[in-house]
Amino acid sequence: MNNVDKHAVAKRWGTFALLYLGYMLLFADRTVMNISLAYIGKDFHVGAAALGTTASAFFLGYTLMQIPGGYLTDRFGSKRLIIVSLLAWSILTMVTGWAWSLVALIAIRFLFGVAEGPYPAAALKRISENYDKSEKSQATSALISSNYAGAAVAPLLIVPIIASAGWRNAFVWLGVIGLVVMVAYYLVERPIKQAATSGAQRTKIEWRNIDSRVWVFVVIGLALNIITKGLETWMPVYFLQERGINLKNLTWLVPLPVISGGIAALISGFVMVHWFKGRERWMISIASFLTLAFMFGLFKSSSLVAVVTFDVLIYFVKSLAFTGIFSFTAQILSEKTYGSSIGIVNFGGQLGGFIGPLLIGWLVQFAGSYSAAFLGLVISALVAAVACLFIRKK
């Protein structure tokens, strides 16, 4: 291997590492918000419904930006959108810690979601540009595993800050780290300028001609992410308030499911390519039906051990299905409109992220128990499982 090849390989790995770290921070912020909800409720003297609205405000902005963010990625290049998104969300992460009222916090979280919205499409497109078709599925699933890694690591690093300095300082430090990652990415990826797809060269999305499987994936992703974001947002509050778990014990309890999900996401592409090649839809379907079974188990659980066990199992099989959607999609999308198309797929998942926290917040407040909320997630898992029956072979 000559020096040019070594430099190209080193740059590709450097790019992947920074994109991975950026994705980790993206999901670390959400975990910190989930852990902070109980303290935010005390500071602003609000109930579960208002806290659910606060959590969902981010996902509303994030969801609305998925398709435009994908289009902008195709229009201006993945590198530029990654840098702009990293810069904007790092600043807004710090501003989250300076919120002066609940209304201000909701507005900041909505804008934060808008700023963060382009990152998934841009990061996944950059991976697509850097890897051959035979490597895309595994590289895509490996990058998505960062979502769970960030959620798992965040409590270990941030909970001590919340305990000693308060939830506001935790967001300020996350924002500073984000700015450091942005600068590092800029230095590694120079030159940043890419050939923009414009005019006659740009291929518009022909909505009628989009692969029908993409629309099924939108529904599955929506249903599965209602479960993920519902549990991510409210399980820390559930453990603190319903089970009487203290913040110290929450530090190791919260990461367990996301570690399980991260392992599943990391191996999802490998499993699909090596065990389900030509039968990719079966992997997604089997994992979705197992999600339904384990979600029902969580709904029926009464002991803390059973709740945690089913939570861990749900994250593993749900992650196989959800990441499998993106790994499979990477094989069937057009390169020219990859950003826009992946934005459509991710729109469904993030819409579920908006609905999940809001749904559980309202169910808990009006039903007076988490059992009703868990039953709602069982129904969501059923929707995902039924939708899998409509994945066509071709």
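Please read all numbers here as calculations on a predicted model, not as lab measurements.

About the criteria used
Residues numbered from 1 in each chain as written. Predicted model: local features only at pLDDT ≥ 70, side-chain atom pairs only at ≥ 80, totals over all residues. Heavy atoms only, no water. Helix = DSSP H or I, 4+ residues; strand = E, 2+ residues; numbered from the N terminus. Buried < 20%, exposed > 50% of the residue type's maximum accessible area, 1.4 Å probe, protein only. Contact = heavy atoms within 4.5 Å. Areas by Shrake-Rupley, 256 points an atom, 1.4 Å probe, with all protein chains shown as cover. Polar contact = N/O pair within 3.5 Å; in protein donor to acceptor, adjacent residues only side chain to side chain. pLDDT = per-residue confidence, 0-100. Core = buried A, V, L, I, M, F, W, Y, C linked by side-chain atoms within 4.5 Å. Salt bridge = Lys/Arg side-chain N within 4 Å of Asp/Glu carboxyl O. Axes fitted to C-alpha atoms, helices over the stretch in contact; angles between N-to-C directions. Parallel < 35°, antiparallel > 145°, perpendicular 65-115°, else oblique. Nonpolar A, V, L, I, M, F, W, Y, C, P; charged D, E, K, R; others polar. Phe/Tyr/Trp six-rings, centres within 6.5 Å; stacked < 30°, edge-to-face > 60°. Expected span 1.5 Å × (residues − 1).

Novice: Teacher, can you tell me more about the overall build of the protein chain here?
Specialist: Helix and strand counts for the protein chain come out as 15 helices and zero strands. The burial tally for the protein chain puts 57% of its 394 residues in the buried class. Partitioning the contacts of the protein chain with sequence separation of at least 6, the portion at a separation of at least 24 is 86%. When the accessible surface of the protein chain is summed, it comes to about 16100 Å², and 68% of that surface belongs to carbon and sulfur atoms.

Novice: Got a minute to help me understand the side chain of T96 in this structure?
Specialist: Looking at where T96 falls in the secondary structure, it is placed in helix α4 (residues 78–96). A polar side-chain atom of T96 sits 2.9 Å from the main-chain carbonyl oxygen of L92. For T96, the contacting residues outside a window of four places in its chain are M33, L105, I108, R109, W167 and F171.

Novice: Please clarify how the confidence of the model for the protein chain should be interpreted in this entry.
Specialist: Low-pLDDT portions of the prediction should not be read for the details of their coordinates. Per-chain confidence: the protein chain averages 78 in pLDDT, with 84% of residues scoring 70 or above. Within the protein chain, no element has a lower average pLDDT than helix α10 (residues 247–253), which sits at 58, and none a higher one than α4, at 90. Predicted confidence for residues 197–203 stays below pLDDT 50, and this span has nine contacts to residues more than four positions away or in other chains.

Novice: Would you mind going over the nonpolar core with me for this structure?
Specialist: Within soluble globular proteins, side chains that are nonpolar tend to cluster in buried spots. Counting 79 residues, the largest nonpolar core has Y119, I220 and I284 as its most contacted members. Per-element accounting of this core gives the leading share, 14 residues, to helix α1 (residues 3–44). L231, A265, I314 and Y315 belong to the second largest nonpolar core, which has 23 residues in total.

Novice: So what exactly am I meant to see when it comes to the pattern of salt bridges here?
Specialist: Pairs may arise between side chains of opposite charge once their charged atoms sit close together. According to the stated counting rule, one finds two salt bridges in the structure shown. The partner of D29 in a salt bridge is R109, and the shortest N-O contact between them spans 2.7 Å. Placement of the pair is D29 in helix α1 and R109 in helix α5 (residues 102–116), with a sequence separation of 80 residues. R109 carries the same exposure label as D29, and that label is buried. A salt bridge links R126 to E189; the nearest nitrogen and oxygen atoms lie 2.7 Å apart. Here R126, found in helix α6 (residues 118–130), pairs with E189, found in helix α8 (residues 167–189); they are 63 residues apart in sequence, far enough to count as distant. A relative accessible area of 9% places R126 in the buried class.

Novice: Is there a simple way to think about the packing of helix α3 (residues 66–76) against α4 in this case?
Specialist: Each pair of packed helices can be summarised by the angle the axes make with each other and by the distance between the axes. With their axes 7 Å apart at the nearest point, α3 and α4 run at an angle of 130° to one another. One finds that α3 runs oblique with respect to α4. Taking contact as the criterion, the partners of L72, T73 and F76 in α3 are, on α4, S78, R80 and L81. The residue makeup of the contact of α3 with α4, split by class, is three nonpolar, two polar and one charged.

Novice: What is the right way to look at the packing of aromatic side chains in this model?
Specialist: For any pair of aromatic rings, geometry is given as the distance between the ring centres together with the angle between the planes. Applying the stated rule across the entire model yields seven aromatic pairs. Consider the rings of W89 and Y119, whose centres lie 5.1 Å apart with planes at 85°: the pair is edge-to-face. Here Y119 lies in helix α6 and W89 lies in helix α4, a separation of 30 residues in the sequence. Among the residues examined, W89 registers a relative accessible area of 2% and is labelled buried. The buried category is assigned to Y119, whose relative accessible area is 0%.

Novice: How do you make sense of the side chain of D29 when you look at a structure like this?
Specialist: Given the relative accessible area of 1%, D29 is considered buried. A distance of 2.7 Å separates polar atoms of two side chains, one belonging to D29 and the other to R109. When near neighbours in sequence (up to four residues on either side) are disregarded, D29 contacts T93, R109, F112, F171 and L174.

Novice: Before we go on, may I ask you to explain α5 in this structure?
Specialist: For an α-helix, 3.6 residues make a turn, and residues three or four places apart therefore share a direction. For α5, built from 15 residues, the straight-helix expectation of 21 Å at 1.5 Å per residue is met to within 8% by its first-to-last C-alpha distance of 21 Å. Residues L102, A104, L105, I108, R109, F112, G113, A115 and E116 constitute the buried set of α5.

Novice: Where do I start with the environment of A154 in this structure?
Specialist: Structurally, A154 is set in helix α7 (residues 133–165). The class for A154 is buried, based on a relative accessible area of 4%. Distance in space between the C-alpha atoms of A154 and M24 is 8.7 Å, their sequence separation being 130 residues. Residues within four places of A154 in sequence aside, it is in contact with A28, T31, V32 and V159.

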